[in-house]
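Here is how the chains run, residue by residue.
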Amino acid sequence: MTFAITQNCCTDAACVAVCPVNCIHPAPGERDFGTTETLYIDPGACIDCGACADACPVDAVHPVAELTPAQQPYAGINAAYFEGTGEPASGAGAGVDHGPNFHAWGAPSFDRVLPADFAPLRVAIVGTGPAGMYAAEDLLLHTRSEVTLVDRLPAPGGLIRYGVAPDHPATKRIGETFARFHTHPRVRLHLGLDVGTHITADELAAHHDAVIYAVGAASDRRLGIPGEDLPGSIAATTFVAWYNAHPEVAPDAVDLSSDRVVVVGNGNVALDVARILVSDPDSLAGTAIAGHALEELRRSKVREVVLLGRRGPEHAACTGTELLALKNLPGVDLVVDDHDARIGTAIDVAGAAGAAGAAHKAGLFQDVPREAVDWSAPPRAAGGRRRIVFRFHSEPLALHGDGHLRAVRVTSGAGEARGAGEAGEREIPAGLALRAIGYRGVPQAGLPFDEESGTVPHEGGRVTGRPGTYVVGWIKRGPSGGIGTNRRCAAETVGTLLADAVAGRLPAPTGGARAFRRLARRRR
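The rules behind these values
- Residues numbered from 1 in each chain as written.
- Predicted model: local features only at pLDDT ≥ 70, side-chain atom pairs only at ≥ 80, totals over all residues.
- Heavy atoms only, no water.
- 1 Å grid on protein atoms, 1.4 Å probe; cavity = no way out; pocket = protein on both sides within 12 Å on 5 of 7 lines; lining within 4 Å.
- Points joined across faces, edges and corners; volume = space filled by probe spheres on them.
- Nonpolar A, V, L, I, M, F, W, Y, C, P; charged D, E, K, R; others polar.
- Core = buried A, V, L, I, M, F, W, Y, C linked by side-chain atoms within 4.5 Å.
- Buried < 20%, exposed > 50% of the residue type's maximum accessible area, 1.4 Å probe, protein only.
- Helix = DSSP H or I, 4+ residues; strand = E, 2+ residues; numbered from the N terminus.
- Polar contact = N/O pair within 3.5 Å; in protein donor to acceptor, adjacent residues only side chain to side chain.
- Contact = heavy atoms within 4.5 Å.
- Phe/Tyr/Trp six-rings, centres within 6.5 Å; stacked < 30°, edge-to-face > 60°.
- Pairing = 2+ DSSP bridges.
- Axes fitted to C-alpha atoms, helices over the stretch in contact; angles between N-to-C directions.
- Parallel < 35°, antiparallel > 145°, perpendicular 65-115°, else oblique.
- Left-handed = near helix turned anticlockwise from the far one by under 90°.

Evaluated as defined, the whole model comprises two cavities of 30 Å³ or more. Taken as a whole, the largest cavity spans an internal volume of roughly 80 Å³. C9, C10, D12, C15 and C56 are the residues nearest the centre of the largest cavity, which is lined by 14 residues in total. Of the residues assigned to the lining of the largest cavity, the class counts are twelve nonpolar, one polar and one charged. Of the pockets and cavities examined, the second largest cavity occupies roughly 60 Å³. What lines the second largest cavity is F3, C19, P20, V21, C23, I24, C46, I47, C49, G50, A51 and C52. Among the residues forming the lining of the second largest cavity, the class breakdown is eleven nonpolar, one polar and no charged.

What follows is the structure, encoded as structure tokens:
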């Protein structure tokens, strides 16, 4: 019996470190590490020891023999990764002659340490999401540093707490891994403390040897089309914060009295909001969903969610693992709007590729019904079911409504029956539109900011022109990469910080830890 990695994989590679036969790839240092949707277990090399399952922080590793029907495709996905990739068979890696339980490791590297006689550093980390906590973990495990965690919100966790969908409890579970550091003897946690409102960046820096900003990307990208600010048009980030009880989003921020919702985008966030909108509220009742959101979902009149993508199914922004999960949603039908000939062609070509096409985005739609949707008719699904419609090769042009959204004008495919509007356009009636086209960083008080990229300018994590100040996560690299990407990002930033400390490039603090705690209590 072998193991397989399933949907919730966070790619932080904790499993790789404990595998005795190096059967999990791509591993750190390999060409594809950090670029694949998940990590994969080689079924020809796995020895069924279960070490990876024990180490996985998000419960994504399971024995193949115990996979549920919905998880069964992952056995093939894991195996398919090793077909034609050129990866060596892990147990006997690259022809090295040694026992079956060992493999050739690279030379050990200790690139994030301080000399033994170096005085402990006091480091402040602004933000308690994955990026900030990976940085804290590095400092606490590799050095004798004292860490001050600062978060403007009343609960720690960042996007783990306020961004992961409530029906993904396994993904949220990685928060437990980070939470063990909240009570570490060398950690002080300050919640409800906003840098820029309660204290300045200079005051924070004056009490610490270094400051790491891990504030993420707190805003959303705009569509830039007419009608975007109509009531009924909101950011998907607002919707996600609403169902996760974010304290800055009002309980009545979302109205689900419309029978159709248009979601602009088809990435993982778009799939999250679509899934929540059409899920049976009873299935969400046992999750961490906000009470006000569950009540609104019970009253919801939504019967159909349209996912709008400007490119074809082969370029869908979601991961294949999330799409697979959507296909197994009880009581929900998936439909591809067959309004453009390129859509069916892309799906059929990918489907005909067989095993190779299984990992291709378009190939995952091979068994999804296609139909030319009549947008002039009310949303329909047999037997009281709800449905999600994927509409590819179509982008929003304007939002229409008199005081409230009533329709989304989009581009149409060749030969599609036209609705109101010019040739090549049509209207999709909807009372709610959610833009899910990405997050965006916002300027941080006292720090430089690049408006074009929405990030803080830096070199290896070191903030440009501000000695002793560093960035990590999305505010550093932009809103890309999953949870595990932050581990590598934090390693780079912490490495830069420690190198600066050894080189004497950190400004000396003028205040101590006790003085900062008093300051925080007064200002909060």
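On to the nonpolar core, then. Within the largest apolar cluster, 54 residues are counted, with the highest numbers of intra-cluster contacts made by I24, L39, I41, I125 and I212. Elements with a minimum of two residues in this core: β1 (3-5), α1 (14-18), β5 (122-126), α4 (130-142), β6 (146-151), α7 (174-179), β8 (210-213) and α17 (485-502). With seven residues, α4 is the single largest residue contributor to this core. Residues V249, A290, L294 and F365 belong to the second largest nonpolar core, which totals 50 residues.

In this section: the side chain of E228. Its place among the elements puts E228 in the loop between β9 (219-220) and β10 (233-235). At 2.8 Å, the side chain of E228 forms a polar contact with the backbone nitrogen of G224. Setting aside its immediate chain neighbours within four residues, E228 contacts R222, L223, S233, L399 and R435.

With that settled, the discussion passes to the packing of aromatic side chains. Using the criterion set out here, one finds nine aromatic pairs in the structure. Taking 5.1 Å as the distance between ring centres and 85° as the angle between the ring planes, the aromatic pair formed by Y134 and F178 counts as edge-to-face. Placement of the pair is Y134 in helix α4 and F178 in helix α7, with a sequence separation of 44 residues. The pair formed by Y134 and F178 is uniform in burial state, with each residue classed as buried.

Next up on the list: the pairing of strand β12 (residues 304-308). Burial of β12 is extensive: five of the five residues sit out of reach of the surface. Side chains E304, V306 and L308 project from β12 onto one buried face, and the interleaved V305 and L307 project onto a second face that is buried too. With five bridges joining them, strand β11 (residues 260-264) and β12 adopt parallel strand pairing. Each residue of the ladder has a partner; that of V262, found in β12, is V306. Where β12 and strand β15 (residues 386-391) come together, five bridges link them in parallel fashion. Within the sheet, the bridge partner assigned to L307 lies in β15 and is F390.

The next point concerns the packing of helix α9 (residues 236-243) against helix α10 (residues 268-278). Across the interface, α9 lies against α10 with an axial gap of 10 Å and an inter-helix angle of 50°. Taken together, the axes of α9 and α10 are oblique relative to one another. For α9 against α10, the interelement crossing comes out left-handed. Packed against α9, whose contacting residues are A236, F239, V240 and Y243, the element α10 presents V269, D272, V273, I276 and L277 at the interface. For the contact of α9 with α10, a count of residues per class yields eight nonpolar, no polar and one charged.

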